[in-house]
Amino acid sequence: MRTTELVDGFRHSAPYVNAHRGKTFVVMLGGEALAQNQFRAILNDVALLHSLGIKVVLVYGARPQIDAALANNDIEPIYHEGVRITDEESLKVIKQVAGALQFDITARLSMSLSNTPMQGAQINLVSGNFVIAQPLGVDNGIDFCLSGRVRRIDVQGLKRQLDNHCIVLMGPIAASVTGESFNLTAEEIATQVAIKLKADKMIGFSSQNGILDRNGDVIAELMPNDAQNIMDKLSEQGSACVGTMAFLKASIDACRNGVPRCHLVSYLEDGALLQELFSREGIGTQIVTESAERLRSASIADIGGVLNLIRPLEEQGILVRRSREQLEIEIEQFMLIERDGLVIGCAALYPFEEDNAGEFACLVVHPDYRDADRGSLLLKNIINKARNRGYSRLFALTTRSIHWFLEHGFMIEDVEALPQKKKQLYNYQRRSKILVLDL
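Residues numbered from 1 in each chain as written. Predicted model: local features only at pLDDT ≥ 70, side-chain atom pairs only at ≥ 80, totals over all residues. Heavy atoms only, no water.

Trainee: Looking at this structure, I do not really get the overall build of the chain. What am I missing?
Mentor: Of the regular secondary structure elements, the chain holds 15 helices and 23 strands. The principal-axis extent of the C-alpha atoms belonging to the chain is close to 90 × 55 × 40 Å. For the chain, buried positions account for 48% of its 439 residues. If you take every contact in the chain between residues at least 6 apart in sequence, the share linking residues at least 24 apart comes to 70%. With the model as given, the accessible surface of the chain reaches about 22,400 Å², and the carbon-plus-sulfur share is 47%. Across the chain, 46 positive and 54 negative side-chain charges occur, with their mean positions spaced 6 Å apart. (Helix = DSSP H or I, 4+ residues; strand = E, 2+ residues; numbered from the N terminus. Buried < 20%, exposed > 50% of the residue type's maximum accessible area, 1.4 Å probe, protein only. Contact = heavy atoms within 4.5 Å. Areas by Shrake-Rupley, 256 points an atom, 1.4 Å probe, with all protein chains shown as cover. Lys, Arg positive; Asp, Glu negative; His and termini not counted. Charge placed at Lys NZ, Arg CZ, Asp CG, Glu CD.)

Structure representation (structure tokens):
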């Protein structure tokens, strides 16, 4: 029976279901996302995260809804340094908007009709005074009035609710120790909650699937400093929406304060949240404290991953078959590229100490990851290892990749160029080409 896409998708998502279970995610749903019809599907996906054992804090914003409501009440919005100045008249309107959105979100996450994604969900949604606010104060003579910032997060209270299998819902209004209400940005609340909870992820939404490069392609991964540079350029050009810029800044702050990964995905593409979290490649942009992909030495625990990678090429006759027992003996000679626990590339350096040489062997990159020159990365690392060992040359045998080696500085030689031990093992039926790189 032919494997269906559904079954295939389930199997590929299983490692991420297991990895995410019990983790804490802060999901920030800006007002721009809530204004779309698609927001109902996003809330269904948030409910699915909860059903998979993920602890969810849902923070919602209301920027466009507040602007529209203020306009309907003939109140001119006033900003200073990009921050809304909230007087008492404005705050009354903002409370109404925030309250209405809270009820809408609560109603959606309370739905349990048959034949809907929410059937049998039984979600307990909790809101409360988990955020204590304080006024922004005065800046260069400008009084921000009732615009505030986070003073304190009730971390223990949040953890109790999350441990009781509740989704915690937070809006842009928070109270102070004096009993006053203040208008805060959803981005700051989400950032501070993620930092204080030591959340595993913070997730936000924009009109596009993350940050795009000059060609319009999604940048899959950014370190905080790179994200800062992009944000500075976007600010100069004025080409990014306010919500995207705000979340990008929040992500940089969160990552620099210990949140491992922040994700930005589209609120317009159905299922973008699930594709980002439960597929290996994702769909949006991650801002990360360390790369999801890393180069490292192999260990005995990697035998299975290496075998899965090289077996298809062995079956095609491109690689000489290695038994599991042989690989167990040789595994310490291997370097790997690992992505989210999957071995996506490998190469080995076999020593020929008596000839002051090394063999570059078993170079394999997973078919889905051959567009980023990972083979060159592995070769560069092996060359550095060979030089550190004092080898004078590196040789390789290949039947298919001759031009790739020539492009990387290798020269074609005959069998006599091989070390004596390797020469004795040379298979004249395979007629592998011999390439040598002087170090």
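Back to the text.
Trainee: It is not clear to me how the pattern of salt bridges should be interpreted in this structure. Could you clarify?
Mentor: Close approach of charged atoms allows side chains of opposite charge to pair. Per the counting criterion, the structure on display carries 14 salt bridges. A salt bridge links Asp-67 to Arg-84, with the shortest nitrogen-to-oxygen separation between them at 3.0 Å. With Asp-67 in helix H4 (residues 63-72) and Arg-84 in strand E4 (residues 83-85), this pair connects stretches of sequence that are 17 residues apart. Of the residues examined, Arg-84 reaches a relative accessible area of 9% and is grouped as buried. When the shortest N-O distance is used, the salt bridge between Glu-330 and Arg-322 registers 3.6 Å. Arg-322 matches Glu-330 in its accessibility class, with the two residues each being buried. Because the salt bridges share partners, they merge into one network encompassing Arg-294, Arg-296, Asp-302 and Glu-338. (Salt bridge = Lys/Arg side-chain N within 4 Å of Asp/Glu carboxyl O.)

Trainee: I'm lost on the packing of aromatic side chains in this one. Help?
Mentor: Any aromatic ring pair is given by two values, namely how distant the centres are and how the planes are angled relative to each other. Counted under the stated rule, the structure contains six aromatic pairs. Relative to Phe-405, the ring of Phe-360 lies with its centre 6.0 Å away and its plane at 75 degrees, an arrangement referred to as edge-to-face. Highlighted residues: Phe-360 in strand E20 (residues 357-365) and Phe-405 in helix H14 (residues 402-407), separated in sequence by 45 residues. Phe-405 matches Phe-360 in its accessibility class, with the two residues each being buried. Seen in terms of ring centroids, Tyr-426 and Tyr-428 are 4.8 Å apart; in terms of plane orientation they differ by 85 degrees. Their pairing is edge-to-face. A relative accessible area of 12% means that Tyr-426 is categorised as buried. One aromatic cluster in this structure is built from Phe-360, Trp-404, Phe-405 and Phe-410. (Phe/Tyr/Trp six-rings, centres within 6.5 Å; stacked < 30°, edge-to-face > 60°.)

Trainee: How should the sheet that holds strand E12 (residues 181-183) be read in this particular structure?
Mentor: Hydrogen bonds between backbone groups are what pair the strands of a sheet, and the pairing can be parallel or antiparallel. With mixed pairing, the four strands of this open sheet are ordered in space as E9-E6-E11-E12. The outermost strands of the open sheet, each flanked by one partner alone, are strand E9 (148-153) and E12. On average, each strand axis in the sheet is inclined to that of its neighbour by 55 degrees, with strand direction left out of account. For strand E6 (residues 131-135) and E9, the ladder comprises five bridges, and the chain directions are antiparallel. Bridge pairing links Pro-135 to Gly-148 in E9. (Pairing = 2+ DSSP bridges. Axes fitted to C-alpha atoms, helices over the stretch in contact; angles between N-to-C directions.)

Trainee: Help me out: how do you make sense of helix H6 (residues 155-163) in this one?
Mentor: Helical geometry: 3.6 residues make up each α-helical turn, so side chains three or four residues apart lie on a common side. Regarding H6, the residues found buried are Val-155, Gly-157, Leu-158 and Leu-162. Looking down the long axis of H6, one finds its buried residues gathered within 165 degrees of arc, a one-sided arrangement. Packed against the buried residues of H6 are strand E1 (24-29), strand E2 (55-60), E9, strand E10 (166-170) and helix H7 (186-197). One or two steps after H6, the chain reaches His-165, where phi turns positive at roughly 65 degrees. (Arc of directions from axis to C-beta.)

Trainee: How do you make sense of the nonpolar core when you look at a structure like this?
Mentor: The nonpolar side chains of soluble globular proteins are, as a tendency, buried together. Membership of the largest hydrophobic core comes to 48 residues, with the highest contact counts inside it found for Val-26, Val-57, Val-59, Met-170, Val-193 and Met-202. The contacts of Val-57, once residues within four sequence positions are left out, are Phe-25, Val-26, Val-27, Leu-162, Val-168, Met-170, Val-193 and Leu-197. Counting 41 residues, the second largest nonpolar core, distinct from the first, contains Phe-39, Leu-49, Ile-94 and Ile-123. (Core = buried A, V, L, I, M, F, W, Y, C linked by side-chain atoms within 4.5 Å.)

Trainee: Mind showing me how you'd approach a negative patch on the surface here?
Mentor: A surface patch of negative charge is lined by Asp-87, Glu-88, Glu-89 and Glu-180. Tracing the backbone shows Glu-88 in helix H5 (residues 88-110). (Patch = residues over 30% accessible without salt bridge, like charges linked within 9 Å, V, L, I, M, F, W, Y side chains within 5 Å.)

Trainee: Is there a simple way to explain the environment of Ile-402 in this structure?
Mentor: Mapped onto the secondary structure, Ile-402 falls in helix H14. In the structure, Ile-402 is positioned 31 residues away from Lys-433 in sequence and 7.3 Å away in space, judged by C-alpha atoms.

Trainee: Whenever I open this one, the side chain of Thr-86 confuses me. Can you help?
Mentor: Checked against the element boundaries, Thr-86 lands in the loop between E4 and H5. Reaching out from Thr-86, the side chain makes a polar contact with the side chain of Ser-147 at a distance of 2.8 Å. Among all residues touching Thr-86, those that are not within four sequence positions of it are Leu-91, Ile-94, Phe-144, Cys-145, Leu-146, Ser-147 and Asn-183. (Polar contact = N/O pair within 3.5 Å; in protein donor to acceptor, adjacent residues only side chain to side chain.)

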